[in-house]
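Spelled out from the first residue to the last, the chains are:
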Amino acid sequence: MSFTASASVPRPEYPRPQFERTDWVNLNGDWTYEFDFGKSGMDRHLYKSEGFKDKITVPFCPESRLSGVAYVDFIPAMWYHRKIQIPTDWQGRDVMLNFGGVDYFCAVYIDGNLVGHHWGGTSSFSHDITKYVADGKEHDLVVRVEDDQRSGNQARGKQSGNFYSQGCDYTRTTGIWQTVWMEPVDHAGLSSAYIVPDLDHKRFVIEPSFRNLENGQSVEAIVRDGGKVVSRASEKASRQVKLELPIKNVKTWSPESPFLYDVELTVYDADGNAIDKVSSYSGMRKIHWEGDQLYLNNEPCFLRLVLDQGFYPEGIWTAPDDASLKRDIEMSMDAGFNGARLHQKVFEERFHYWADKLGYLTWGETANWGANTNKIEAARNFIPEWESIVIRDRNHPSIVAWTPFNETWERPGDSEQAKQHDRFVKDIYTLTSHLDYRPINDTSGNYHVITDLWTVHSYEQDPDKLADYFVIKDGRYPQLDPNKEISYGGQPFFIDEYGGIKWIDGAQFADNSWGYGNAPRTKEELYDRLERLTDVILAVPYMSGYCYTQLTDVEQEQNGIYNYDRTKKFDMDRIKKIFSKVPERFKSNKKDSKKK
C-alpha cells in the first residue's frame, strides 16, 4: 500500500527519487514549535512535550514566510512537535524516520525517549524508530534544534552572520528545511546503492549496501529502457558484492540527449521472498579529465555554467514547490547555459532529479563558509557532513564535479600557521577521491592545495583588463596569491566566477543593494559589457569553461540574469545568444546544451 501526501501537504512529492520506495508517509505540514533562546528546554523537559502553543509549516524554516512564522533574528535553539501514527500494515518491518535537512544540530525524541542525534545542516539522515513505536498507536515526535552560526565551527554558507543581510550573505535558515517522512524497511533491506556508469565497457556497476545481512539473502538488479528489460544480474548479498550489468546498444546521457535508464533493486530472503524493493535510475555517461581538458562521454566539453545559490523569496533555502526547482533549470537553459555551479548550498535531491531529466550539468558544492578551516573542531564537524553529501548525491549523472570549499579567505599567509587549513583541504580532497570518480575542485577560486580542476575568480568589469589578466606571464598562469597556494599544474582551467553585473529592474531590494563594479547606465551598455567579457573568456586558448554570476538576484545582491522573484530583466534572446557561444575549437564536438 502506498502512503503519499495529500494535496494540502506542502512538498508532497517523494523526496528521494533515486532511492524510492512505494510505502511512505509524508510528515510535512502543520507542526507546533517553541523557540528556546536561553537553551533551557532540556531543563524544562520540552522533549516530553505533547504539543507547543505556536504553529509552523514544515518543511519551511521559521525565517521564511511559507513557514507562517517569518522570524528573522538569530534562533540559537528551538523545538518542534507533531503527532505520528504508524500504519498497521507496516507490521513486521522496521520504521525509518527520514530528514532531508535540519540546520544544524538536532536531537529526535519519541514519547520523551531519545532516538538519536545528528550534526550537519545540509546532510540528510535517518533514524530507526522501530523500538519506540507501535503499529496503529499515536506517538509524540519532538525535534530539538541548535544552530550557532557565528561559532566558526559549523558550515552555514551564505547565511548572514549579522542581523541584516549584507554583502554576499542573506537570510538565515534554522531547523527543518527539507521534507520529513517515514517508511517501512525490512531489517535486512537496502541502506544505499552506488550506481557507476561505465561507458567504455558498456555496463553499469552497482554496489549495494544492506542494513543487515542474513543467511541466504540475495540481491537482484534490473535495468530497463522504458518498459523493456535490457540487463539483469543477481548475486548473493554481502558487504563486498558488486552487480555488473552489461548494456547492448548503449544510449548515452548528455545535455543533447539526457536519456535515463530505469533501475530496480530487489532483496530476497533465503526462501526467495522479496523483502525490499527500491526504484532508481541512472545515465550512461562518462566524465573524466586528461591534461588540461575535461571530457564528457570521451569528447572535449566546454562548460557554460551559471552561479545558482538556490535562495527563494518565500522559502529561503527551500523551494516553494517541486515545479520551482524545474523552472530554475529551464530558466538557466533559456539563458544559454548548459549547467550550473550550485553555490554554497547543498541542493535537495529533487533538484538533481530535474537536472538529470533535463540534461543540465552541475558542480556539487557545500555550504562551507562559516566553518573556519583553521579550526580543528570545524574540520571534525565538516568531514562527516561532506562525506554524507557525496554518498547521497554521487549517483546523479548531472553532477560532473565536486567543490567542497569556496574561497577559503581565512587561510593565514604564513605557511606554518596555515598547516591546519592545508591539511583540512587535503584531507577532504583525499576523502572525496576515495568516495567517487569525479574531478574535484578543492577550493573554488582560492586557496588551492591539491586539485583536479584549476579555478579562478575575477569580477573585472573592463574587458581589456580581463584579457590582460589571462595573459601567461613568466610561465605563470592566473591565480590569486602564489604565496598562499600551489601553482597551476596543467589541470583543466576554469573561471568559475565572473561578471556579476549590477542591474536593478524596478524597485531596489534594500538600501545596501549591490553588484560588482559600476552599474551600466543602459541595458545596451550592459549587453555590450556582458558580451565583451564573455568573448574575452572564450578566446583564452587554455580555457575549459566559465561560470557567470549569477542566475537570479538574491536579496540585496542584485546582479542576476533574472529578478529574485524569477521574472525577466532582459531580452532573453540577446542573453541566450551571448551565453550559447562556445570557443571555435569546441564547436565540432557538438556539446552545446539545448532546451529540452
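Counting of residues starts from 1 at the beginning of each chain's written sequence and follows it residue by residue. Under the rules for a predicted model, residues below a pLDDT of 70 receive no local features and side-chain atom pairs below 80 are neither given nor counted, while totals for whole chains, interfaces and linings still include all residues. Remark: hydrogens and water are excluded; side-chain values derive from all non-hydrogen atoms of the structure.

A. Quick look at the overall build of the protein. What counts as a helix is a DSSP run of H or I of at least four residues, what counts as a strand is a run of E of at least two, and both are numbered from the N terminus. Looking only at helices and strands, one finds seven helices and 31 strands in the protein. At 24 Å, the protein has a C-alpha radius of gyration in line with the 25 Å of a compact globule built from 596 residues. For the protein, the spread of C-alpha atoms along the three principal axes comes to 70 × 60 × 50 Å. Nonlocal contacts in the protein, meaning residues at least 24 apart in sequence, comprise 71% of its contacts between residues at least 6 apart. For the protein, the computed accessible surface area is about 22,800 Å², with 46% contributed by carbon and sulfur atoms. For the charge count, each Lys or Arg is scored as positive and each Asp or Glu as negative, with His and the chain ends excluded. A charge is said to be at NZ when it belongs to Lys, at CZ for Arg, at CG for Asp and at CD for Glu. One way to put it: in the protein the 72 positive side-chain charges average out to a point 3 Å from where the 90 negative ones average out. Using C-alpha atoms as the atom set, the radius of gyration is obtained and then compared with a globule rule of 2.2 Å times the number of residues to the power 0.38. Only heavy atoms enter the contact rule, under which two residues are in contact if any of them lie within 4.5 Å. Here the accessible surface of atoms and residues is derived via Shrake-Rupley with a 1.4 Å probe, and residues count as covered only by protein chains that are part of the display.

B. Structural view of helix α6 (residues 523-538). Here α6 contains 16 residues, and its C-alpha end-to-end distance of 22 Å stays within 8% of the 22 Å for a straight helix at 1.5 Å per residue. Type-normalised accessible area, obtained with a 1.4 Å probe on protein chains alone, sets the label of each residue: buried when under 20%, exposed when over 50%, and partly exposed for intermediate values. Along α6, the positions that sit buried rather than exposed are L526, Y527, R529, L530, L533, T534, V536, I537 and L538. Lining the buried residues of α6 we find α5 (463-469), β30 (493-499), β31 (543-549) and α7 (572-579). Expected helix span is given by 1.5 Å per residue-to-residue step, counting one fewer step than there are residues.

C. Spotlight on the environment of W409. By the element assignment, W409 lies in the loop between β27 (405-406) and α4 (419-435). Note: C-alpha distance between W409 and T373 (36 residues apart in sequence) is 9.3 Å. Filtering out sequence-adjacent residues up to four positions away, W409 remains in contact with W369, N446, Y447 and L480.

D. Representation of empty space enclosed by the protein. Here a cavity denotes a set of grid points, spaced 1 Å apart and computed over the protein atoms alone, in which a 1.4 Å probe fits but from which it cannot get out, and a pocket denotes an open set meeting protein on both sides within 12 Å along at least five of seven lines; residues with an atom within 4 Å of a point are reported as lining. Grid points are joined across faces, edges and corners, and a volume is the space filled by probe spheres set on the points. With the rule as written, the count across this model stands at six cavities of 30 Å³ or more. Looking at the largest cavity, its volume works out to about 120 Å³. Polar here means any residue other than Ala, Val, Leu, Ile, Met, Phe, Trp, Tyr, Cys and Pro, which are nonpolar, and Asp, Glu, Lys and Arg, which are charged; Gly is therefore polar. For the lining of the largest cavity, the residue count by class is four nonpolar, five polar and six charged. Among the elements of the structure, β25 (361-365), α3 (376-393) and β26 (399-403) are those that each provide at least two residues to the lining of the second largest cavity. Tallied by class, the residues present in the lining of the second largest cavity amount to six nonpolar, two polar and three charged.

E. The arrangement of the pairing of strand β17 (residues 243-246) in detail. Only one face of β17 is covered, namely the one carrying L243 and L245; the face carrying E244 and P246 has none of its residues buried. For two strands to count as paired, DSSP must find a minimum of two bridges between them. Judged from the four bridges that link them, strand β14 (residues 203-210) and β17 form a sheet pairing that is antiparallel. Paired with F204 across the strands is L245, a residue of β17.

F. Representation of the nonpolar core in the model. Nonpolar cores were defined as sets of buried Ala, Val, Leu, Ile, Met, Phe, Trp, Tyr and Cys residues, with membership established by side-chain atoms within 4.5 Å. Judged by nonpolar contacts, the single largest core of 67 residues is most densely connected at F470, Y546, I561, I575 and F579. Looking at this core element by element, the count peaks at seven residues for α6. The residues touching F470, leaving out its near neighbours within four places in the chain, are V456, P478, F493, I495, V536, I537, V540, Y542 and M543. By size, the runner-up hydrophobic cluster in this structure holds 31 residues, among which are V25, L27, M78 and V102.

G. Quick look at unusual backbone geometry. Here the bond from V58 into P59 is cis, since omega is 20 degrees, no more than 30 degrees from zero. With respect to the helices and strands, P59 occurs in the loop between β3 (54-58) and β4 (77-85). In this structure, Y447 follows N446 across a cis peptide bond, with omega equal to -5 degrees. Mapped onto the fold, Y447 is located in the loop between β28 (443-444) and β29 (454-457). One non-glycine residue, K202, lies in positive phi territory at about 50 degrees. Locating K202 in the fold gives a position in the loop between β13 (190-198) and β14. Even without being glycine, N297 reaches a positive phi, approximately 55 degrees. Looking at the element boundaries, N297 is found in the loop between β21 (293-296) and β22 (299-300).

H. Representation of the environment of F163. Note that F163 resides in the loop between β10 (138-146) and β11 (175-176). Judged by relative accessible area, which is 40%, F163 ranks as partly exposed. Separated by 263 residues in sequence, F163 and K426 have C-alpha atoms that sit 34 Å apart. If we skip the residues at most four places from it in the chain, F163 touches V72, D73, F74 and R172.

I. Region of the structure containing α4. Between its first and last C-alpha, α4 extends 24 Å over 17 residues, near the 24 Å set by a 1.5 Å rise per residue. For α4, the full list of buried residues reads Q420, H421, F424, V425, I428, Y429, L431, T432 and L435. Each element contacted by the buried residues of α4 is listed here: β13, α3, β26 and β27.

J. Structural view of the packing of α3 against α4. For every element, the axis is a line fit to its C-alpha atoms; helices are fit only across the contacting stretch, and the angle between N-to-C directions ranges from 0 to 180 degrees. Two elements in contact, α3 and α4, have axes whose closest approach is 11 Å; the angle formed by their N-to-C orientations is 20 degrees. Viewed along their axes, α3 and α4 adopt a mutual orientation that is roughly parallel. Here α3 runs over α4; the crossing is right-handed. In this structure, α3 uses I376, A378, A379, F382, I383, W386, E387, V390 and I391 to contact α4, whose residues at the interface are Q420, F424, I428, L431, T432 and L435. Of the residues assigned to the contact of α3 with α4, the class counts are 12 nonpolar, two polar and one charged. Every angle not falling under 35 degrees, over 145, or within 65 to 115 is termed oblique; those three ranges are roughly parallel, roughly antiparallel and roughly perpendicular. Left-handed describes a crossing in which the near helix is turned anticlockwise from the far one by less than a right angle; the clockwise case is right-handed.

K. Representation of a negative patch on the surface within the structure. Taken together, the side chains of E314, D321, D505 and D565 define an acidic patch exposed on the protein surface. Following the sequence through the fold, D321 ends up in the loop between β23 (303-308) and α1 (322-334). Put simply, a patch holds well-exposed residues, over 30% relative accessible area, that have no salt bridge, with like charges counted together within 9 Å and Val, Leu, Ile, Met, Phe, Trp or Tyr side chains within 5 Å. Any carboxyl oxygen of Asp or Glu that lies within 4 Å of a side-chain nitrogen of Lys or Arg is treated as forming a salt bridge with it.

L. Seen up close, the packing of aromatic side chains. Two aromatic rings from Phe, Tyr or Trp, using only the six-membered ring of Trp, form a pair when their centres are within 6.5 Å; if the ring planes differ by under 30 degrees the pair is stacked, by over 60 it is edge-to-face, and anything between is tilted. Overall, the coordinates contain 43 aromatic pairs when judged by the stated rule. Ring geometry for F259 against Y261: centres 4.8 Å apart, planes inclined by 85 degrees, an arrangement best described as edge-to-face. When the NZ atom of lysine or the CZ atom of arginine is within 6 Å of a ring's centre and also within 35 degrees of its normal, the charge is said to sit over that ring. The ring of F74 has R150 lying over it, and the distance from NZ or CZ to the ring centre is 3.6 Å.

M. Geometry of the packing of α1 against helix α2 (residues 349-358). Orientation of α1 relative to α2, taken along the N-to-C sense of each, is 45 degrees, at an axis distance of 9 Å. Considering their axes alone, α1 and α2 lie oblique with respect to each other. When the axes of α1 and α2 are compared, the crossing they make is right-handed. Residues D322, L325, K326, I329, E330 and M333 of α1 touch α2, and the partners they reach there are R350, F351, W354, A355 and L358. Grouping the amino acids of the contact of α1 with α2 by side-chain chemistry returns seven nonpolar, no polar and four charged.

N. Up close: the layout of surface pockets. Of the voids in this model, the largest pocket is the one considered here, and its volume is about 800 Å³. Lining the largest pocket are 32 residues, and of these S124, F125, S126, S191 and R392 lie nearest its centre. Among the secondary structure elements, those contributing two or more residues to the lining of the largest pocket are β5 (94-99), β8 (113-119), β9 (125-128), β12 (180-185), β13 and α3. Looking at the lining of the largest pocket, the element that brings in the most residues is α3, giving seven residues. Its residues assigned to classes, the lining of the largest pocket shows 12 nonpolar, 11 polar and nine charged. Volume-wise, the second largest pocket comes out at about 380 Å³.

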